[in-house]
Structure formats: C-alpha cells, structure tokens
Amino acid sequence: MHNTIISLDSIVNLFPDNFTEAQIAKAKTLFYKKMALKMHAFYGGKMATIPKAPLYGFNWFNVWYTPGVSAVSTAIRDDNDTSFELSNRSNLVAVVSDSTRVLGDGDCTPPGGLGVMEGKAMLMKYLGGVDAIALCIDSKDETGEPNADKIIEFVKRAQSSFGAINLEDISQPNCFKVLDTLREECDIPVWHDDAQGTACVTLAGVINALKLTGKKMSEIKVVLYGAGASNTSIARLMIADGANPNKIIMFDSRSTLHKNNARYKNDLLFYRQWELCQITNSECVTAPEEAFKDADLLVALSKPGPDTIKSEWIKLMADKPIVFVCANPVPEIYPYQAKEAGAYIVATGRGDFPNQVNNSVCFPSILKGTLLVSARKITDGMAIRAAHSIAEFAENRGIHVENIMPNMLEWEVFPKVAADVAMQAIKEGVALKNLTWQQVYEAAKCDIREAQELTKLLQEKGYIKPIDENVIREVIREVIEEVKS
C-alpha cells in the first residue's frame, strides 16, 4: 500500500466511490496542485548541480581549478569550438523564458516561471541525459510591455555558455519573432518547445490515431482550436507531412483564419497567422457548427476548460472522430464528456487521462540527438522525423484507442528518437559530426540510464529525502472536503 500511494499510480482509488466523473476530474487537478506546492516547498525546488569529475585529494583542486584550469581557458580562447570538448557545454541547455505565458496562467512574472523551467530541466536530465538550467528573464521595456528584442539580445549574449537553447512560455506574438530570429542568428540550435515540441508530439499522436481509424493525413478535415504558437506550428508540420491546407480550419479567440481576415493582414507581428490565413480554410468558414461538421480531427490548444469545447460540436464530427484537447491544467472538455459526445479517440496534455500528448516524450531526445552530432539548428524536418519515430515506437509495442503514445516511463523511446533525429540532421547537412545511428543510440542510452540510476541511488541513500505518505493522505482529505463542498 505504501508504494502504491507514493507512486500515485492509483490516486483515483483514494477518492470516495460515490464521486462522479466530474468530481474525480476536479479532485485530481486539485490534488496535483496542492501536492506540487507542498513538495516544492519541502525540497526547495527540484534541481541541483553535482560534480561529474572525481576528487581524489586536495591537489585535484589544482587540476579542476587554478592553476591547472588556466590551460583550458587559453585553449578555448585560441579555438572556441574546443569549449564543447573541454567543458560541459556540449551537453548543457539553457531553458529561457520571460514567463509571460506560463501554462494557462498567463504572465506569472519572471521568477514565476521557475517551477516550469526547473521542471523542463528535470525532464531533460532524467529522460534525455541532458543537463539544463532555468533562466527566467525580464523582457519588459519602459512601457511595461514584453519586448522580443530583449529576449533575442539576452540569448545571443548568453549562447557561448550553452550547447542549445530551449525557449519556453513566451507570449505571442513575441514568441514567433524570437524563435525565427534566433534560429537564424545563433551559432547553436534554438528550440521553442511550446511551438516545435507541441507540434512534434501532436503530430506523432495524430499519425497513430489515423492508423486506428483507417484515415489518411491527406484526406482528413481538421479543426485547430486556438491560433497561438502551438497550433500554428502544428498546422505547419501537418501540412509539411501531407495534410491538405484547404481542409484545415483554425480558430482564434475571435473567429477563424482565412484569406479575408483583416486582423492578421494588417498586423505584421502575427505573420505566422497571416501565412496560414492564405493557405487554409479555403471556403472562409467562420461558424463552429460549420467547421466541426464532418471534421475528422480536432486539436484544441486554447483556453482551459472544461467548457471551452462544446459537446454539441463533437457530435457534428465525422465517423470515429479524433479529439485532442490539450489545454493545461484543465482540457477544453473532459475526456469522459468528449466520449459521451461520440469521440472515438481522446487525447489530453495530462498524464492522469489516457493518451497523454506531452512534449516530454519528444524534447529531451530531440535535444540529445541534436547535441550528440553538434547540429547547428533543429529543422522542421528533424521535428517531423522525431514525430514519426515516436509513432513507430508506440506502434511496434502495440497501440489502441486509449494508448496511442509512449509515456515518459518507456525510456527506450528516447535513445531511439535521439538517433533518428541525429540521422535526419546529418541528412539535411546541419550536423558537424558524422556519427552512425548506433553510435548516437548507444551514447544517448548510456547517458539516460546513468541519469536515472543516479537519481535512484540518491533516493536509496537518502540524499533525496523520502516523502511522508501521511502528507499525501492529508492532501487527499483536504481535496475530498473541498470537492464535496
């Protein structure tokens, strides 16, 4: 019983039997939020730094620091590329955010993003064997508005310390300019996980969902609900992978994107949306009822629900409709409601529902594969290859309507994706190292297993303090009382 409680695998069983589906959904959300506050306070966050080199005695300080390290500094001075060999730079990622759009909570102030950015660093280490550090910065100018140029300047000045940059939780339209500028002007790869990562993992889920429904990417009608960094990138990758743009209808907070939408035509900051206005929704559909009628796929990344997507809209969709509702922390419609409305496959961004579509399945391995071959950028082709690699892994071990994606504990997917991405980088000519698939796979596997075994060892030795299951029971009691009231 102790292990079951600590692992949280059967958290639903701790709620009263007479709780409805809606109450259970609310209770789980409350539980994870309350536990997050208690656990982050207990551990003081979730990341730390430890040495990777040995100390056999006092004189080893003279090797790792002064006077010996002077030789390292001058060697790097004479050839900056040696920094990737003589420091941890080749395996170090900066998770950069101005915290202006943190999950579904909006502007959380720069330090408010630390919880998420530390979380990204934790996942990179545990799932990808990649070291990462959270850098939450103030991007606001004298008017109090976020300024894309400040983020761009910061990253360009800081890039010499890192092997790659992971952008995160930057509000639109700044997120588009920041990514596109840095991808071209930085000497190291820049990845925007909210855009490219979400697009990659969503595409992977869609690929497998289509296999189960017997539908083809080139033939499906698609509704994209939300027109931010995630869905615009999803549209771009889906089109590049064979989707028909004329059969894609994208909603923003006001209407739909189409060639007559003056809002985007006259606003150069939203150039990504305007690009899609010109190639999608050829019939200029604006009403949800018309858009959802006979649609095969819904991908919602918009306002957290549970009433953002209406059951009535899902009832209008085609046979065996696929519904991805991925807002966090609460999906646009709860899975049980979508199923009641006729959805055949339902996916969310949460791990406590079937079919979690979560960036964590892709970004640690994409960054690992990129770093191992010293790729200078992460292309859309690399992201698409990663999506197919993830889908292939899941298909090979078996998929069904409530299990279309690998989860984060299926660690074997990560070295496979890293190797596939690395080979795509070499194929596209953006990699500096020409390694084989097996070399990348073995290197990634070794680093990932080392990170996971080290975490386990620290837990077993008590250097990571154990969790008191009474704290979990206390939170459960609080949640039950709150939901009942």
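Procedures and definitions
- Residues numbered from 1 in each chain as written.
- Predicted model: local features only at pLDDT ≥ 70, side-chain atom pairs only at ≥ 80, totals over all residues.
- Heavy atoms only, no water.
- 1 Å grid on protein atoms, 1.4 Å probe; cavity = no way out; pocket = protein on both sides within 12 Å on 5 of 7 lines; lining within 4 Å.
- Points joined across faces, edges and corners; volume = space filled by probe spheres on them.
- Helix = DSSP H or I, 4+ residues; strand = E, 2+ residues; numbered from the N terminus.
- Nonpolar A, V, L, I, M, F, W, Y, C, P; charged D, E, K, R; others polar.
- Contact = heavy atoms within 4.5 Å.
- Polar contact = N/O pair within 3.5 Å; in protein donor to acceptor, adjacent residues only side chain to side chain.
- Pairing = 2+ DSSP bridges.
- Axes fitted to C-alpha atoms, helices over the stretch in contact; angles between N-to-C directions.
- Buried < 20%, exposed > 50% of the residue type's maximum accessible area, 1.4 Å probe, protein only.
- Right-handed = clockwise from strand over helix to strand, strands pointing away.
- Core = buried A, V, L, I, M, F, W, Y, C linked by side-chain atoms within 4.5 Å.
- Salt bridge = Lys/Arg side-chain N within 4 Å of Asp/Glu carboxyl O.
- Left-handed = near helix turned anticlockwise from the far one by under 90°.

Student: I would appreciate a short explanation of the layout of surface pockets in the present structure.
Tutor: If a probe the size of a water molecule is rolled over the atoms, the empty space left behind becomes visible. What the second largest pocket holds in volume is close to 210 Å³. What lines the second largest pocket is a set of 13 residues, among which Phe84, Ser374, Arg376, Leu432 and Lys433 lie closest to the centre. Looking at the lining of the second largest pocket, the elements that each hand over two or more residues are α5 (83–86) and α16 (363–372). Among the residues forming the lining of the second largest pocket, the class breakdown is five nonpolar, four polar and four charged.

Student: Help me out: how do you make sense of the environment of Thr308 in this one?
Tutor: Locating Thr308 in the fold gives a position in the loop between β7 (297–300) and α14 (311–315). Separated by 17 residues in the primary sequence, Thr308 and Val325 have C-alpha atoms spaced 9.7 Å apart. With residues near it in sequence (within four places) discarded, Thr308 still touches Tyr225, Ser302, Lys303, Trp313 and Glu332. A distance of 3.2 Å separates a polar side-chain atom of Thr308 from the backbone oxygen of Pro304.

Student: When you look at the sheet that holds strand β8 (residues 322–325) in this model, what are you seeing that I'm missing?
Tutor: The strands making up a sheet are joined through hydrogen bonds of the backbone, oriented either antiparallel or parallel. With respect to topology, five strands assemble into an open sheet ordered β6-β5-β7-β8-β9, the strand pairing being parallel. In the strand order of this sheet, the two ends are held by β6 (248–251) and β9 (345–348), each with one partner. Strand-to-strand twist across the sheet, computed as the mean angle between neighbouring axes with direction ignored, equals 10°. Bridge analysis of strand β5 (residues 222–225) against β7 gives four bridges, and the strand direction is parallel. Looking at the pairing, Tyr225 lines up with Ala300 of β7. Taken strand by strand, helix α9 (residues 193–213) contacts β7, β8 and β9, and its axis lies near 160° from that of β8. Sheet strands in contact with helix α10 (residues 229–240) are β5, β6 and β7, and its direction is about 155° off that of β5.

Student: What is the right way to look at the pairing of β5 in this model?
Tutor: Both faces of the sheet carry side chains from a regular strand, because those side chains alternate between them. Every second residue of β5 is oriented toward a common face, with Val222 and Leu224 on one face and Val223 and Tyr225 on the other, all of them buried. Sheet topology places β5 next to β6; four bridges connect them, and they run parallel. Counterpart to Val222 in the pairing with β6 is Ile248. Crossover connection from β5 via α10 to parallel β6: handedness right-handed.

Student: Explanation requested: the nonpolar core in the structure shown.
Tutor: One broad rule of soluble globular proteins: the nonpolar side chains tend to lie buried together. Membership of the largest hydrophobic core comes to 80 residues, with the highest contact counts inside it found for Met217, Met238, Leu297, Phe324 and Ile366. With nine residues, the single largest contributor to this core is α9. In this view, Ile366 contacts Trp191, Cys200, Ile378, Ala386, Val417 and Val421; residues no more than four positions away in its chain are not counted. Counting residues in each nonpolar core, the second largest holds 24 residues, with Leu92, Val96, Ile170 and Cys175 among its members.

Student: Can you help me understand the pattern of salt bridges in this one?
Tutor: Where charged atoms of side chains with opposite charge meet at close range, the side chains can pair. Applying the stated criterion to the full structure yields 30 salt bridges. In this structure, Glu474 engages Lys38 in a salt bridge whose closest nitrogen and oxygen atoms are separated by 4.0 Å. Residue Glu474 is found in helix α20 (residues 469–484), and its partner Lys38 is found in helix α2 (residues 21–43); the two are separated by 436 residues along the sequence. For Lys38, a relative accessible area of 32% corresponds to the partly exposed category. Among the salt bridges present, the one from Asp447 reaches Lys368, with a minimum N-O distance of 2.7 Å. With Asp447 in helix α19 (residues 437–460) and Lys368 in helix α16, the pair connects residues that are 79 residues apart, well separated along the chain. Residue classification places Lys368 among the buried positions, given a relative accessible area of 2%.

Student: Mind showing me how you'd approach the sheet that holds strand β4 (residues 190–192) here?
Tutor: Spatial strand order, β2-β1-β3-β4: four strands in an open sheet with parallel pairing. Both outer strands of the open sheet, β2 (131–136) and β4, are each paired with one neighbouring strand and no more. Strand after strand, the sheet turns through a mean of 25° between neighbouring axes, direction not considered. Taken together, the four bridges between strand β1 (residues 92–97) and strand β3 (residues 164–167) define a ladder with parallel strand orientation. Paired with Ala94 across the two strands is Ile165, which belongs to β3. Across the face of the sheet, helix α6 (residues 114–128) comes into contact with β1, β2 and β3 while running at roughly 170° to β2.

Student: In this structure, what is going on with empty space enclosed by the protein? I would like to understand it.
Tutor: This structure, assessed with the given rule, holds one cavity of 30 Å³ or more. As a volume, the largest cavity reaches approximately 60 Å³. Contributing to the lining of the largest cavity are Cys175, Phe176, Leu179, Asp180, His192, Ala195, Ala229, Ser233, Arg236 and Arg272. Put simply, the parts of the chain that give the lining of the largest cavity at least two residues each are α8 (174–185) and α10. Here the lining of the largest cavity takes four residues from α8, the largest share from any one element.

Student: Just to check I follow, could you spell out the packing of helix α17 (residues 380–397) against helix α18 (residues 413–427) for this structure?
Tutor: When two helices pack together, their arrangement is given by the angle between the helix axes and by the axis-to-axis distance. Between α17 and α18, whose axes approach to 9 Å, the crossing angle comes to 145°. Relative to α18, the crossing made by α17 is right-handed. On α18, the residues that touch Gly381, Met382, Arg385, Ala386, Ser389, Ile390, Glu392 and Phe393 of α17 are Val413, Lys416, Val417, Asp420, Val421, Gln424 and Ala425. Looking at side-chain class alone, the contact of α17 with α18 contains eight nonpolar, three polar and four charged residues.

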